[in-house]
Amino acid sequence: MKFIIIFVLIFHTLSMNLAHGKKVNIDHKKTIVKSGCDLFEGKWVYDESFPLYETSQCPFIEKEFDCQNNGRPDQFYLKYRWQPTGCNLPRFNGEDFLRRYRGKSVLFVGDSLSLNQWQSLTCMLHIAVPQAHYNLVRVGGLSIFTFSSYNVKVMFSRNAFLVDIVGENIGRVLKLDSIEAANTWKGIDVLIFDSWHWWLHTGRKQPWDFIQEGNNRFRDMDRLVAYEKGLKTWANWVDDNINITKTKVFFQGVSPDHVNSEQWGTPTESTKFCEGQAKPLLGTKYPGGPHPAELVLERVLSSMKKPINLLDITTLSQLRKDGHPSVYGHGGHRDMDCSHWCLAGVPDTWNQLLYATLIQN
Ligand SMILES: *[C@@H]1O[C@H](CO)[C@@H](O)[C@H](O)[C@H]1NC(C)=O
């Protein structure tokens, strides 16, 4: 009996070594291309030690993200940790973050998904150093969160398209090749951009009347094409204006909605939306396939001269059909929110990934 067990162990170790040898070769190749483990490839695992915080510890949290307080009855969605396939994600250390960025500034620029991530980061940092004095001011579309004892600023600038919308005689013009707001992005130490959702809006939610490129004006345009043109204007600005020795630039990958249950393989469910979804998808791939906007974003980023960090959160967030507020965001069934994310929740993982990337560099 003993002999058999030992034999099995030896055989097991041998085959592990063989498998390991093979893996090293693959990893070696990967290292050249991607410098290390791909943090964005992996799966969600249940972990009792999550969430990273309770929203009651975060006094400045916006009501729309505070799902538990808004009456969300289930709690499983709070208990998932992102597990990359090739390595472990370092646990977020807010004090370390503040020490590293002493005297520096972090700026999120984008839409309400950017707000979602900014809010998550400010909560995670405050909870790490609850005694440290903080100050939050809002000036127009700019929110400035300051940890004065570390002299760290974590800011959010609302800017849904990154390129400009200009009021003219004929109406509001979305200018695909104009990016005036960018002047305020100079001199920041960490920039994290996002843009996508507003490119889709039509009707009353569409905040422009014409699209302009060069001297040509259009009533409308294929939205993915317009998105790519706008992103290229942003990319050219970054290539021409950012000193990457001083400034780290991130782009938050496209944050997915869950408004069509056929995409995750349950067309028979009574609701097509995210409502009632209490568990993530546990595989590594989203049945609905890659997000078309993410493919556009990747194409633009790979054409840039400067190395930009893609915070490649699309797939891992696609797996989190359970992470949205549904009716526990703004409140009431008339407002079904399957775009934003509950806090605590998925954006905390985006910030763990941001932190992991920052400490790697
Ligand atoms: C880029 O930033 C670094 C660090 O702040 C500085 O030493 C360098 O002179 C800057 N380069 C340019 C071209 O401004």
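All of these numbers come straight from a predicted model, not from anything done at the bench. (Residues numbered from 1 in each chain as written. Predicted model: local features only at pLDDT ≥ 70, side-chain atom pairs only at ≥ 80, totals over all residues. Heavy atoms only, no water.)

Considering the confidence of the model for the protein
The cut-off we apply is this: The predictor reports its confidence for every residue as pLDDT, a score running from 0 up to 100. We call two residues contacting when some pair of their heavy atoms lies within 4.5 Å.
Mean pLDDT over the protein stands at 89; residues scoring 70 or higher make up 88%. In the model, residues 1-34 has pLDDT below 50 throughout and makes 3 contacts with residues more than four positions away in sequence or in other chains.

Observations regarding the pattern of salt bridges
Our working rule: Salt bridge criterion: a side-chain nitrogen from Lys or Arg within 4 Å of a carboxyl oxygen from Asp or Glu. Strands here are runs of E lasting at least two residues and helices are runs of H or I lasting at least four, both read from the DSSP assignment and numbered beginning at the N terminus.
One pass over the full model with this rule turns up 16 salt bridges. Its salt-bridge partner being D74, residue R72 comes within 2.9 Å of it at the nearest N-O pair. In this structure, E168 and R217 form a salt bridge, with 2.6 Å as the shortest nitrogen-oxygen distance. Here the residue E168 occupies a position in strand 7 (residues 164-168), and R217 occupies one in strand 11 (residues 216-218), the gap between them amounting to 49 residues.

Here we look at the side chain of T233
Mapping T233 onto the fold places it in helix 4 (residues 223-241). Aside from chain neighbours lying at most four places away, what touches T233 is V163, L176, D177, S178 and I179.

Observations concerning the state of the cysteines
By definition, a disulfide links two cysteine residues through a covalent bond between their sulfur atoms. In plain terms, the rule: Defined by distance alone, a disulfide is two cysteine sulfur atoms within 2.5 Å. For every residue, the accessible area obtained with a 1.4 Å probe (protein chains only) is divided by the maximum for its type, and the residue is called buried under 20%, exposed over 50%, and partly exposed between those limits.
Evaluation of the coordinates by the stated rule reveals 4 disulfides. Disulfide pairing is shown between C37 and C87; the S-S distance is 2.0 Å. On the S-S bond that ties C37 to C87, the torsion sits near -70 degrees, and the link is left-handed. Of this pair, C37 sits in the loop between helix 1 (2-34) and strand 1 (42-46) while C87 sits in the loop between strand 2 (80-84) and helix 2 (94-100), placing them 50 residues apart in sequence. Accessibility expressed as a relative area gives 26% for C37, which makes it partly exposed.

Overview of the packing of aromatic side chains
Defined as follows: Any Phe, Tyr or Trp ring, taking Trp's six-membered ring, that has another such ring centre within 6.5 Å forms a pair; planes under 30 degrees apart are called stacked, those over 60 apart edge-to-face, and the others tilted.
Tallying each qualifying case throughout the model produces 19 aromatic pairs. Centre to centre, the rings of F193 and W234 are 5.2 Å apart; their planes meet at 70 degrees, and the pair counts as edge-to-face. You can see F193 sitting in strand 9 (residues 190-193) and its partner W234 sitting in helix 4, a full 41 residues away along the chain. Each of the two residues, F193 as well as W234, counts as buried.

Let's talk about unusual backbone geometry
F50 connects to P51 through a cis peptide bond whose omega is 5 degrees. Looking at the element boundaries, P51 is found in the loop between strand 1 and strand 2. Residues L343 and A344 are joined by a peptide bond in cis, for which omega reads 0 degrees. The backbone phi angle of N151 is positive, close to 55 degrees, even though this residue is not glycine. Within the element layout of this structure, N151 appears in the loop between strand 5 (142-147) and strand 6 (152-158). Within the chain, L162 stands out as a residue other than glycine whose phi angle is a positive 70 degrees. Note on placement: L162 falls in the loop between strand 6 and strand 7.

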